[in-house]
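Residues per chain, in single letters:
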Amino acid sequence: MKGIGTVGLIVSIVVGILLGVMVILFGVLLAVSPGKVKPFLDEQGRPLAGSISEKIHVNINGVQQGMFIIGKNVDNPVLLFVHGGTAMPEYFLTQNYPTGMEQYFTICWWDRRNAGLSYSANAPPDTLTVEQSITDTLAVTNYLRSRFHKDKIYLMAHSGGSLIGIQAAARAPKLFYAYIRVGQMSCQLQSEMLSYEYMVKRYKEIGNTKMVKQLEAAPPTMSVPLPAAYMKVRDSAMHDLGVGTTHDMKSVMTGIFLASWLFREYTLGEKFALWRGKFSSDNMLWDKTIATNLTQQIQKLDIPVYFFHGKYDYTVSYPLAKAYLDELQAPIKGFYTLKSAA
């Protein structure tokens, strides 16, 4: 009986410690989640005249969708940023990777349907499609044009968002001054094959036999779905080699997941929504996203096109993007290599 009492006491102590840690962690997360947008300030510490820093929700095709609108001068040109992933907002990353674009543009960091600020647990699955995302992009564009009294705006899209952005630009070129993409998708299944070949080669060169075995056990194919075993190791393998999100980001957990929880301009509820939206959209949209071959679908744009691509990017293939722009017809084209970036 004495032994049982001792065990019970130890269990109680451990449970108490765990509960205490959870309460402290919750308190810390709550403290770093005020959900207020940081304003631009002048030299006297007052809100900068003519600037804009806001977090709002707008009715976009019948659904309330959230966005951050940021800029030091509302008279600057307007730029709409279409974030990557199936539903991975990126504004929170600017706390560690500031862009400086707010000096030159009024930027709309839009959280796409079912992503981040726009997440809804009740979203009908039949509205979570690539086609709907294109339609939403054009609706947000028209909202910005009307609000800021602009005939045209700039459209910038990143990675998974470039699948949507380039189709929106092709569909309504008169709405845009130019299409700017960072990490342009082309034929993503082929990109996955190239990434796989590179990773196996590099891990063999550095002697990581464990990772080689994991990758070789489930190679990707030119069809969907990709093997579950490959998808399980894909992101961690890319980041470990510096060819994932950024060239210096070795872990998705610290570089993205933790960064999102420390971002002060989301509330705690919005942070939970960010990850709920990402995982639910991945389940519904990932296969459709990577199965699209844009080189066959979009072969001409009637506006200037500028591609920015990291030399070490194997999430979205650098050589495939370069080849795509070479073939793409446009009045002005520019390809810019970021030599130290993924």
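Here's what I pulled together on the structure shown here. (Residues numbered from 1 in each chain as written. Predicted model: local features only at pLDDT ≥ 70, side-chain atom pairs only at ≥ 80, totals over all residues. Heavy atoms only, no water.)

This part covers the layout of surface pockets. Estimated volume of the second largest pocket: approximately 320 Å³. If you go around the second largest pocket, you meet 14 residues; those closest to its centre are F40, Y91, T94, E102 and E265. Class assignment for the residues of the lining of the second largest pocket results in 8 nonpolar, 3 polar and 3 charged. (1 Å grid on protein atoms, 1.4 Å probe; cavity = no way out; pocket = protein on both sides within 12 Å on 5 of 7 lines; lining within 4 Å. Points joined across faces, edges and corners; volume = space filled by probe spheres on them. Nonpolar A, V, L, I, M, F, W, Y, C, P; charged D, E, K, R; others polar.)

Counting buried residues along helix α3 (residues 160–171), 10 of its 12 residues qualify, which places the element largely inside the surrounding structure. Buried within α3 are the following residues: G160, G161, S162, L163, I164, G165, I166, Q167, A168 and A169. (Buried < 20%, exposed > 50% of the residue type's maximum accessible area, 1.4 Å probe, protein only. Helix = DSSP H or I, 4+ residues; strand = E, 2+ residues; numbered from the N terminus.)

Our focus in this paragraph is the packing of helix α7 (residues 252–261) against helix α8 (residues 268–291). The geometry of α7 relative to α8 is characterised by a closest axis approach of 9 Å and an angle of 150 degrees between their N-to-C directions. When the interaxial angle is binned, α7 and α8 end up roughly antiparallel. Within the contact between the two elements, α7 uses I256, F257, S260 and W261 and α8 uses L268, K271, F272, L274 and W275. Of the residues contributing to the contact of α7 with α8, the split by class is 7 nonpolar, 1 polar and 1 charged. (Axes fitted to C-alpha atoms, helices over the stretch in contact; angles between N-to-C directions. Parallel < 35°, antiparallel > 145°, perpendicular 65-115°, else oblique. Contact = heavy atoms within 4.5 Å.)

Of note, S118 is situated in the loop between β4 (106–110) and α2 (130–147). In this structure, S118 is in contact with Q64, Q65, G66, D111, R112 and R113, ignoring residues within four places of it in sequence.

This brings us to the environment of Q103. Looking at the element boundaries, Q103 is found in the loop between β3 (78–82) and β4. Counting along the chain gives 30 residues from Q103 to S133, while the straight-line C-alpha distance between them is 28 Å.

Below, the discussion takes up the side chain of S281. Along the polypeptide, S281 turns up in helix α8. When its relative accessible area of 1% is taken as the criterion, S281 is described as buried. At 3.2 Å, the side chain of S281 and the side chain of N114 are in polar contact. Residue contacts for S281: discarding those within four places in its chain leaves T86, A87, N114 and W286. (Polar contact = N/O pair within 3.5 Å; in protein donor to acceptor, adjacent residues only side chain to side chain.)

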